Amino acid sequence: MELVYLWVENYKNIHQQGFNFSPRFTCSYENDELKIIDKEKTKEPYLKNFFGDNINITAVVGENGSGKSSVLEILAQMSYEDDIKEIGSFLYLLTNGESYKCFTHNLKATCIFTECINKPPFLNTRESVRGHNKVNLVLTQDLNIAYLNISHIERDKIIKKDERGDLDKLIYLGVYAKNDFTLYKEESTKPTYTEFNPSRFNFSQIQRIINILTLPLYKDLIWKYLKIKSLYSLSISYSKKEVNDKLTAIENDDELSVTKEKITALKNLLKINRLIIDSKEYEQFFKLVNHIFKWQGEIPFKFQFYTQSDSAVILSGGENTILFYIEKIALLFDKIDKDKSTILLFDEVELYLHPNWQKQVLSIILDIFKIELKDKKIHLIITSHSPFILSDLPKENVIFLKNGKQVDVDINPFGANIHTLLSHGFFMKDGLMGEFAKSKIEEIKKFYERVKKLEKRIQEHAKTKVLTTNSFQRRKKRFENVHKIIGEPFLQTIIGNYLNEIEIILSNLDKETFIDNEIKRLQELKASFK
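Cut-off values and rules
- Residues numbered from 1 in each chain as written.
- Predicted model: local features only at pLDDT ≥ 70, side-chain atom pairs only at ≥ 80, totals over all residues.
- Heavy atoms only, no water.
- Helix = DSSP H or I, 4+ residues; strand = E, 2+ residues; numbered from the N terminus.
- Contact = heavy atoms within 4.5 Å.
- Areas by Shrake-Rupley, 256 points an atom, 1.4 Å probe, with all protein chains shown as cover.
- Core = buried A, V, L, I, M, F, W, Y, C linked by side-chain atoms within 4.5 Å.
- Buried < 20%, exposed > 50% of the residue type's maximum accessible area, 1.4 Å probe, protein only.
- Expected span 1.5 Å × (residues − 1).
- Polar contact = N/O pair within 3.5 Å; in protein donor to acceptor, adjacent residues only side chain to side chain.
- Salt bridge = Lys/Arg side-chain N within 4 Å of Asp/Glu carboxyl O.
- Patch = residues over 30% accessible without salt bridge, like charges linked within 9 Å, V, L, I, M, F, W, Y side chains within 5 Å.
- Pairing = 2+ DSSP bridges.
- Arc of directions from axis to C-beta.
- Axes fitted to C-alpha atoms, helices over the stretch in contact; angles between N-to-C directions.
- Phe/Tyr/Trp six-rings, centres within 6.5 Å; stacked < 30°, edge-to-face > 60°.
- Lys NZ or Arg CZ within 6 Å of the ring centre and 35° of its normal.

Tallying secondary structure elements over the chain gives 17 helices and 17 strands in all. Taking all contacts inside the chain whose residues are at least 6 apart in sequence as the whole, residues at least 24 apart take part in 65%. Here the chain displays about 27,600 Å² of accessible surface, and carbon together with sulfur accounts for 50% of that area.

All right, on to the nonpolar core then. Membership of the largest hydrophobic core comes to 83 residues, with the highest contact counts inside it found for Phe285, Phe301 and Phe369. Ignoring any residue separated from it by four or fewer positions in sequence, one finds Phe369 in contact with Ile55, Ile329, Phe333, Leu344, Ile378 and Leu380. The next biggest cluster of nonpolar side chains, apart from the first, holds 33 residues, and it includes Val71, Met78, Leu143 and Ile343.

This brings us to helix 16 (residues 489-507). The end-to-end C-alpha distance of helix 16, which contains 19 residues, comes to 27 Å, matching closely the 27 Å that a straight helix rising 1.5 Å per residue would cover. Those residues of helix 16 not exposed but buried are Ile495, Gly496, Tyr498, Leu499, Glu501, Ile502, Ile504, Ile505 and Leu506. Capping of helix 16 at its N-terminal end is provided by Glu488; its side-chain oxygen lies 3.1 Å from the backbone amide nitrogen of Phe490.

Moving on, we get to the pattern of salt bridges. Counting across every chain of the model gives 14 salt bridges. Taking the shortest distance from any N to any O, the salt bridge between Lys224 and Asp367 comes out at 3.3 Å. One end of the pair, Lys224, is in helix 5 (residues 216-226); the other, Asp367, is in helix 10 (residues 355-372), with 143 residues separating them in the sequence. On the accessibility criterion, Lys224 (46% relative accessible area) is partly exposed. Between Asp245 and Lys241 there is a salt bridge whose closest N-O contact spans 2.9 Å. Taken together, the residues span about one helical turn, with Asp245 and Lys241 both in helix 6 (residues 240-251) at a distance of four residues. The exposure class of Lys241 is exposed, given its relative accessible area of 60%. Counted as one network, the salt bridges with shared partners bring together Lys452, Glu455 and Glu501.

Turning next to a nonpolar patch on the surface. A grouping of Leu47, Phe50 and Phe414 is seen on the molecular surface, where their side chains present a nonpolar patch of about 260 Å² in accessible area. Its location among the elements puts Phe414 in the loop between strand 17 (405-406) and helix 12 (418-423).

Another aspect to go through is the sheet that holds strand 12 (residues 275-276). Sheet architecture is open: three strands sit in the order 12-11-13, paired in antiparallel fashion. Taken across any chain shown, the strands that pair with only one partner, and hence form the sheet edges, are strand 12 and strand 13 (302-306). Bridge count between strand 11 (residues 233-237) and strand 12: two bridges; the pairing is antiparallel. Among the inter-strand pairings, Ser233 is bridged to a residue of strand 12, identified as Ile276.

On to the side chain of Glu73. With respect to the helices and strands, the residue Glu73 is situated in helix 2 (residues 68-77). With a relative accessible area of 4%, Glu73 lands in the buried category.

For the rest of this paragraph, the subject is the side chain of Arg24. Considering the arrangement of structural elements, one finds Arg24 in the loop between strand 2 (14-20) and strand 3 (25-30). Given the relative accessible area of 16%, Arg24 is considered buried. Sequence-distant contacts of Arg24, defined by excluding residues within four places in its chain, comprise Ile37, Asp38, Lys39, Glu40, Tyr46 and Gly97.

This part takes up helix 5. Of the positions making up helix 5, those classed as buried are Tyr218, Leu221, Ile222, Tyr225 and Leu226. The arc that holds every buried residue of helix 5, seen down its axis, measures 105 degrees, which confines them to one face. Exposed and facing more than 90 degrees away from the buried side of helix 5 are Pro216, Lys219 and Asp220. The positive-phi residue at the C-terminal boundary of helix 5 is Lys227, with phi of around 55 degrees.

Let us now look at the sheet that holds strand 2. An order of 2-1-6-7 is seen for the four strands of this open sheet, with the pairing classed as antiparallel. Edge strands, defined here as strands with exactly one partner in the open sheet, are strand 2 and strand 7 (100-105). Across the sheet, the mean angle separating the axes of adjacent strands is 5 degrees when strand polarity is ignored. As paired strands, strand 1 (residues 2-11) and strand 6 (residues 90-95) are joined by six bridges and run antiparallel to one another. Paired with Leu6 across the strands is Tyr92, a residue of strand 6. Contacts from helix 2 reach strand 1 and strand 2 within the one sheet, and its direction differs from that of strand 1 by about 110 degrees.

Attention now goes to the packing of aromatic side chains. Following the criterion strictly, the structure yields 18 aromatic pairs and no others. Both rings, one in Tyr325 and one in Phe346, keep their centres 4.9 Å apart while their planes meet at 90 degrees; by these two values the pair is edge-to-face. With Tyr325 in helix 9 (residues 317-335) and Phe346 in strand 14 (residues 341-347), this pair connects stretches of sequence that are 21 residues apart. Residue class for Phe346 comes out buried when judged on its relative accessible area of 0%. Relative to Tyr498, the ring of Tyr448 lies with its centre 4.2 Å away and its plane at 15 degrees, an arrangement referred to as stacked. Of this pair, Tyr448 sits in helix 13 (residues 435-453) while Tyr498 sits in helix 16, and the two are 50 residues apart along the sequence. With a relative accessible area of 18%, Tyr498 lands in the buried category. Joined through ring pairs, the aromatic side chains of Tyr238, Tyr282, Phe285, Phe286, Phe301 and Phe303 make up one cluster. Seen from the ring of Trp223, Lys227 lies directly overhead, with NZ or CZ sitting 5.6 Å from the centre. We note Arg274 situated over the ring of Tyr306; from NZ or CZ to the ring centre the distance is 3.5 Å.

Below you can see the structure in the form of structure tokens.
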């Protein structure tokens, strides 16, 4: 199944708003009627399989407070049986390309041109007498829903409990996840990472990252984007005192059932300078650490990757973030129900990435999809502020939000240059200049406008001229310094003209005489350099 349309009556700042998620369909909901136009049937042109077979991407964009994250929250909450009621009144439409399902909550919906199943998530029926008093129609009945973010700020809006409940079907892939440890194998330790440096990835991730970096399927992708040819060995750094103290405490704790032989074996392995990846010692090290430190929280080791030529693999912050994405998305494909299509919600995909990485991140994600995806569909729904990311997306794949409402924008972001996107009023209604620079330039402009307004009075009243001249002299050096460093040539010329005209007004000279005097001054200055 595929998510086609979502209507929300009232959630935070989103009021009576519909969202189209598929370029193939145009849907609208009004007066209890859900109208569906299938462009495949009407023969209207649309971008079919634009991102590859079985892949769809939707970006939700808008300024802070426009409702971007709220859209993702709504879809995430549809994974929780207990939380779906918090959304209020809503409906959503699914399709497998041939037939449709329409689920509503506290709304009536007559579907036009579609087969419609209209059932509230908690519909009381005659069967309730026989114990079937709830019909659970959360979104995850038909779809895998996963949520990925790279900032802990949004976490608590998505993750509701410290532990994953039986009815919580959301696959949460974000950082600082309360229930992240359940994503990894049972014997792994609870994640404790706090940054994107390999030495600080949680222990389970280190194993997975090494596996991914050495996997033939990922070899070309890793070289293409990270320029890592192959990993050969792993060095382990640690505090001897800290590790010995922890091991002694573990050995003396009868409840942990860790044998002295296992602890001795680990100590012997720690004497090895480098562990060769895929060696017997390498495998043994990870098994022992998983077993011994299972209930200890943070693992007291830091790691460094090396290539066969003995070069340390040093990654930048952006490269570590990309590595984090690769590992998490690969993990997603290990965890999904293979019989269902998948929606991956990704909040602020460009966070912490240099613009050069922002230009590449969608291509990287698509490459991962093409490696991992078989015959099932995946729908990536992202929020973003980045024009670099938007320039990869056709207009039909972008939801433009303003104050909780979807708006039509007279620009197609696909292939547009970054300046065009940024200069559009939807993205930067107050222009492209930084506010600090703007205030410095505005100060010159306002002083010029004040002098122009007083021009006649300056010429007729000596006191006004003296006061204005003194005021200008106090600012003149600062104004000239600002003028010199303005990077935009046209704006620099305008500001230069303002300063020249102020000089002319305050000097009581006509423009021609003022220019002659300036030429003479510059000629004398030039002669002094000889």
